[in-house]
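As a plain string of letters, each chain reads:
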Amino acid sequence: MRTRSGSLYSSGCEFAVAVGQKRKRASLGQSAVAGECSGGGRRKRLAGGPDYLDELPDDLVLSVLSKLAASASAPSDLLSVHLTCKRLNGLGRHDMVFAKASPASLAVKAATWSETAQRFLKRCADAGNLEACYILGMIRFYCLGSRSGGAALLARAAVGGHAAALYSLAVIQFNGSGGAKSDRDLRAGAALCARAAALGHVDALRELGHCLQDGYGVRRDPAEGRRLLVAANARELTLALAAAASHRTFPALPLGAGCPLLSDFGWSLPEAEPHAANLFMVDWWASNRGHAVAKTSAAEATGDSDGDAAELRLCSHVRCGRRETRRHEFRRCSVCGAANYCSRACQALDWKRAHKAQCVPMDRWLLAGGEAQ
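Each value, and the rule that gives it
- Residues numbered from 1 in each chain as written.
- Predicted model: local features only at pLDDT ≥ 70, side-chain atom pairs only at ≥ 80, totals over all residues.
- Heavy atoms only, no water.
- Helix = DSSP H or I, 4+ residues; strand = E, 2+ residues; numbered from the N terminus.
- Buried < 20%, exposed > 50% of the residue type's maximum accessible area, 1.4 Å probe, protein only.
- Contact = heavy atoms within 4.5 Å.
- Core = buried A, V, L, I, M, F, W, Y, C linked by side-chain atoms within 4.5 Å.
- Salt bridge = Lys/Arg side-chain N within 4 Å of Asp/Glu carboxyl O.
- Patch = residues over 30% accessible without salt bridge, like charges linked within 9 Å, V, L, I, M, F, W, Y side chains within 5 Å.
- Areas by Shrake-Rupley, 256 points an atom, 1.4 Å probe, with all protein chains shown as cover.
- Axes fitted to C-alpha atoms, helices over the stretch in contact; angles between N-to-C directions.
- Parallel < 35°, antiparallel > 145°, perpendicular 65-115°, else oblique.
- Left-handed = near helix turned anticlockwise from the far one by under 90°.
- Nonpolar A, V, L, I, M, F, W, Y, C, P; charged D, E, K, R; others polar.
- Phe/Tyr/Trp six-rings, centres within 6.5 Å; stacked < 30°, edge-to-face > 60°.
- Lys NZ or Arg CZ within 6 Å of the ring centre and 35° of its normal.
- Expected span 1.5 Å × (residues − 1).
- Polar contact = N/O pair within 3.5 Å; in protein donor to acceptor, adjacent residues only side chain to side chain.

### Side note on the overall build of the chain
Then step 1. For the chain, the helix and strand inventory stands at 18 helices and four strands.
Then step 2. For the chain, the residues scored as buried account for 39% of the 373 residues in total.
Then step 3. Taking contacts inside the chain between residues at least 6 apart in sequence as the whole, the part at least 24 apart equals 55%.

Next comes the structure, spelled out in structure tokens:
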């Protein structure tokens, strides 16, 4: 067979150069063909050649996809797998993959919330992902107004040993959230808080310490309560040092302060990043969409007018995001009466963080208002 340049190919790997060709060109052609025949060169995959992915067993591909899901840094990492090919799209929808989805891949944003995002979290929760159960449970309970569905998801996560879910259920029991004031169960809240504290949850340790100091839901024991508060500070310090060792970045505080409670012991550390569920709730209530949903759900649940539904207040700790499910549900600051807190832990954090400089006794601002008139 003769090419356009005049080269003549014989059978096998033999190569001949036609008369009149330059020596340099002939030597280049010989080396290229020799490399192709010996297999030392880089070969391009021929169209219609073997697909080595199809030769891998499903169990091995599922194991790889599960590790990818566990290390995913965003939901788009899992989506890109589904867009690769038909086989990965099918195996990527296996329950094993959704059960291993990392917390970062489940951190949906309030600005991009949609039915698709809710179905994704629901699929992960049905597969047994405790983090997805917790995030979707908090969104449904506090943001979407689905109290029973949200509480069921939180309970499922709590049964699996999710510390944040145990603490959230304790807050619900302390406040009687989703029901009447008579539905509060202080002893159940303290028991859930103790379970979360045993798992190392910092806010649960702090909440249980204040409960023991005040005798709230448990027998009063100031010494044990103080010990738990110190343990909460020590745990907080450990987490801050571990985060600094892993080169994690923290957002700056508005007042330029360090970690609120560690400052009592002479430390000034950056505040830890809030949980993805708390960040979602904060952004949700900051949007007009969140207020519209809250007004509708509150009016349907309580039968109140739009004005009464609008009086439901957020926890004054800016990184909490919880909102009242009925009027006057949260505790108020006993000094100024202007700040509302879902828990003692949020009150203690916000006191050192911002409220200490803002709190003014009620009689003073009433007197100031009378003088202004």
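### A look at the nonpolar core
Then step 1. Judged by nonpolar contacts, the single largest core of 71 residues is most densely connected at Leu 106, Trp 113, Leu 121, Tyr 134, Ile 139 and Phe 280.
Then step 2. It is helix H8 (residues 130-143) that contributes the most residues to this core, ten residues altogether.
Then step 3. Look past the residues within four positions of Ile 139 in its chain and what remains in contact with it is Val 108, Trp 113, Leu 121, Leu 144 and Phe 280.

### Some thoughts on unusual backbone geometry
Then step 1. For His 328, which is not glycine, the phi torsion reads 60° and is therefore positive.
Then step 2. Its location among the elements puts His 328 in the loop between helix H16 (306-310) and strand E3 (331-332).
Then step 3. Exposure remark for His 328: the relative accessible area of 53% places this residue in the exposed category.

### Here we look at the pattern of salt bridges
Then step 1. Enumeration over the complete set of coordinates arrives at nine salt bridges.
Then step 2. Here Asp 203 and Arg 206 are joined by a salt bridge, their closest N and O atoms 3.4 Å apart. Of this pair, Asp 203 and Arg 206 are both found in helix H12 (residues 202-214), three residues apart, which corresponds to roughly one turn of the helix.
Then step 3. Its salt-bridge partner being Arg 227, residue Glu 224 comes within 2.6 Å of it at the nearest N-O pair.

### Brief notes about a nonpolar patch on the surface
Then step 1. There is a patch of nonpolar side chains on the surface, built from Leu 56, Leu 60 and Val 64 and spanning about 250 Å² of accessible area.
Then step 2. Here Val 64 lies in helix H3 (residues 58-70).
Then step 3. Judged by relative accessible area, which is 52%, Val 64 ranks as exposed.

### Examining the packing of H8 against helix H14 (residues 276-286)
Axes are the key here: two packed helices are described by the angle between their axes and the distance separating the axes.
Then step 1. Where H8 contacts H14, the axes come no closer than 9 Å and their chain directions differ by 30°. Taken together, the axes of H8 and H14 are roughly parallel relative to one another. As for the relative orientation of H8 and H14, their crossing is right-handed in sense. Taking contact as the criterion, the partners of Tyr 134, Ile 135, Met 138, Ile 139, Tyr 142 and Cys 143 in H8 are, on H14, Ala 276, Ala 277, Asn 278, Phe 280, Met 281, Trp 284 and Trp 285.
Then step 2. Here the contact of H8 with H14 is built from residues that sort into twelve nonpolar, one polar and no charged.

### Some remarks on the packing of aromatic side chains
Then step 1. For the coordinates displayed, the defined rule picks out five aromatic pairs.
Then step 2. Three or more aromatic residues joined by ring pairs make a cluster, and in this case those are Trp 113, Phe 280 and Trp 284.
Then step 3. One cation-aromatic arrangement involves Arg 323 over Trp 285; the distance from NZ or CZ to the ring centre is 4.9 Å.
Then step 4. A cation over a ring is seen here: Arg 344 above Tyr 216, with NZ or CZ 4.0 Å from the ring centre.

### Quick look at helix H17 (residues 344-358)
Then step 1. Relative to the 21 Å expected for 15 residues at 1.5 Å per residue, H17 spans just 18 Å between its end C-alpha atoms, considerably shorter than the ideal helical length.
Then step 2. Where H17 is concerned, the buried positions are Arg 344, Ala 345, Cys 346, Ala 348, Leu 349, Asp 350, Arg 353, Ala 354 and His 355.
Then step 3. Those residues of H17 that are buried are in contact with helix H10 (163-175), H12, helix H13 (222-245), E3 and strand E4 (340-341).

### Details of the side chain of Arg 344
Then step 1. Of note, Arg 344 is situated in helix H17.
Then step 2. Only 3.2 Å separates the side chain of Arg 344 from the side chain of Asp 214, close enough to count as a polar contact.
Then step 3. Ignoring anything within four residues of it in the chain, the contact list for Arg 344 reads Glu 207, His 210, Asp 214, Tyr 216 and Arg 331.

### Considering the environment of Leu 130
Then step 1. For Leu 130, the position within the fold is in helix H8.
Then step 2. Judged by relative accessible area, Leu 130 falls into the partly exposed class, the value being 28%.

### Thoughts on the environment of Cys 346
Then step 1. When you line up the elements, Cys 346 lands in helix H17.
Then step 2. Judged by relative accessible area, which is 6%, Cys 346 ranks as buried.
Then step 3. As for Cys 346 and Ser 316, which are separated by 30 residues in sequence, their C-alpha atoms are 8.1 Å apart.
Then step 4. Once you skip the residues sitting within four places of it in the chain, Cys 346 turns out to touch Cys 315, His 317, Cys 320 and Tyr 341.

Geometry only, nothing functional implied.
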